[in-house]
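# Coordinate analysis (summary)
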Amino acid sequence: MFHARLKLIAAVILVCMAVLVLRLAYMQILMASQYRQEGHNRQIRVRSLSAPRGSLLARDGTILAEDRPVLSVCVALSEIDGLSPPPGRSSRFGISVTFRDRDSHTVKPMEPLEFENWCAAIAAVAGDSKDGVVARLNEARNRIESDIEHNTRRIMSTDELDAAGKEKLARREERILRNRLPRRPQILYEDVPFEVVARAEAASPDVRGLMVTESLKRRYDEDPVSYTHLTLPTKR
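What comes next is a walk through the structure. (Residues numbered from 1 in each chain as written. Predicted model: local features only at pLDDT ≥ 70, side-chain atom pairs only at ≥ 80, totals over all residues. Heavy atoms only, no water.)

Okay, the overall build of the protein next. Looking only at helices and strands, the protein features seven helices and six strands. Going from the N terminus to the C terminus, the protein shows its helices and strands as α-α-β-β-α-β-β-α-α-α-β-α-β. Classification of the 236 residues of the protein by burial places 28% in the buried group. Long-range pairs, those at least 24 residues apart, make up 76% of the contacts in the protein with a sequence separation of at least 6. (Helix = DSSP H or I, 4+ residues; strand = E, 2+ residues; numbered from the N terminus. Buried < 20%, exposed > 50% of the residue type's maximum accessible area, 1.4 Å probe, protein only. Contact = heavy atoms within 4.5 Å.)

What follows is the structure in structure tokens.
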């Protein structure tokens, strides 16, 4: 009876070992190419997460600093400069990957006369001049170039890839950012009064790329008198 049970336990162990060996062979031999391709197609995405800061209060409850919602007049630069999404891209291992983006439609740039009229409309909304609008557009373009340059430096400073892998990943990320960042709202006028917001909302259906966004901005107490009552505890 004891030997029969021992043989049964040994048979169960052998069956389990055989199942494990067969599964390992299936993954290492038959599915090796698929797993290798999935490993090569890994992607790195950079997301900006909002982190609201708490309020700073004095000992008596006076608010010294806090985050307050502000309204800003923004514009999508893709509606002005145009945008032609790439038909495809390559991974850092040379495997062709189809470029998929639900917003990757082609946008034609504005004609010179249309751009003049657009600047005049924005100037009327914000109470600014055409030259001021153009200057703020250039600032928005410079911010995008700065973000792309910062992302490239971050990739080139990593130690997880070799030099060739860093270069390929940096080029791929640059193409993606140049396609996506111009579609995002770029601030032209921040923390505008309600009158400007009302004009922007009324003009947005007729002005390409114009929109109003809400965000949080850090504000500090500008009254220096409110700080005079603060005293440090003395040591005894």
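Structure's up, so let's keep going.
Let us look at a nonpolar patch on the surface. On the surface, a nonpolar cluster with roughly 500 Å² of combined accessible area is contributed by Tyr26, Met27, Ile29, Leu30 and Tyr35. Per-element tally for the nonpolar patch: the top contributor is helix 1 (residues 2–30), with four residues. When you line up the elements, Met27 lands in helix 1. (Patch = residues over 30% accessible without salt bridge, like charges linked within 9 Å, V, L, I, M, F, W, Y side chains within 5 Å. Areas by Shrake-Rupley, 256 points an atom, 1.4 Å probe, with all protein chains shown as cover. Salt bridge = Lys/Arg side-chain N within 4 Å of Asp/Glu carboxyl O.)

Right, let's get into unusual backbone geometry. Phi is mostly negative for residues that are not glycine, and the peptide bonds are mostly trans. The backbone phi angle of Asp191 is positive, close to 55°, even though this residue is not glycine. With respect to the secondary-structure elements, Asp191 resides in the loop between strand 5 (185–189) and helix 7 (194–203). Judged by relative accessible area, which is 30%, Asp191 ranks as partly exposed.

Further remarks concern the nonpolar core. Trp118, Ile122, Val133, Leu137 and Tyr189 are the most contacted members of the largest nonpolar core, which totals 27 residues. It is helix 4 (residues 112–126) that provides the largest number of residues to this core, a total of six residues. The residues contacting Trp118, other than those within four sequence positions of it, are Val75, Ile80, Met110, Val133, Leu137, Leu188, Val207 and Arg208. (Core = buried A, V, L, I, M, F, W, Y, C linked by side-chain atoms within 4.5 Å.)

As a further point, take the side chain of Gln186. In this structure, Gln186 sits in strand 5. In terms of polar contacts, Gln186 uses its side chain to reach the backbone carbonyl oxygen of Leu181, at 3.3 Å. Beyond its immediate stretch of four places on either side in the chain, Gln186 contacts Val73, Cys74, Val75, Leu77, Ala140, Arg143, Ile144 and Leu181. (Polar contact = N/O pair within 3.5 Å; in protein donor to acceptor, adjacent residues only side chain to side chain.)

Here we come to the packing of helix 4 against helix 7. Contact pair helix 4 / helix 7: the axes reach a minimum separation of 8 Å and the direction vectors enclose 145°. The residues of helix 7 that touch helix 4, namely those facing Ala124, Val125 and Ala126, are Val196, Arg199, Ala200 and Ala203. Class assignment of the residues belonging to the contact of helix 4 with helix 7 gives a composition of six nonpolar, no polar and one charged. (Axes fitted to C-alpha atoms, helices over the stretch in contact; angles between N-to-C directions. Nonpolar A, V, L, I, M, F, W, Y, C, P; charged D, E, K, R; others polar.)

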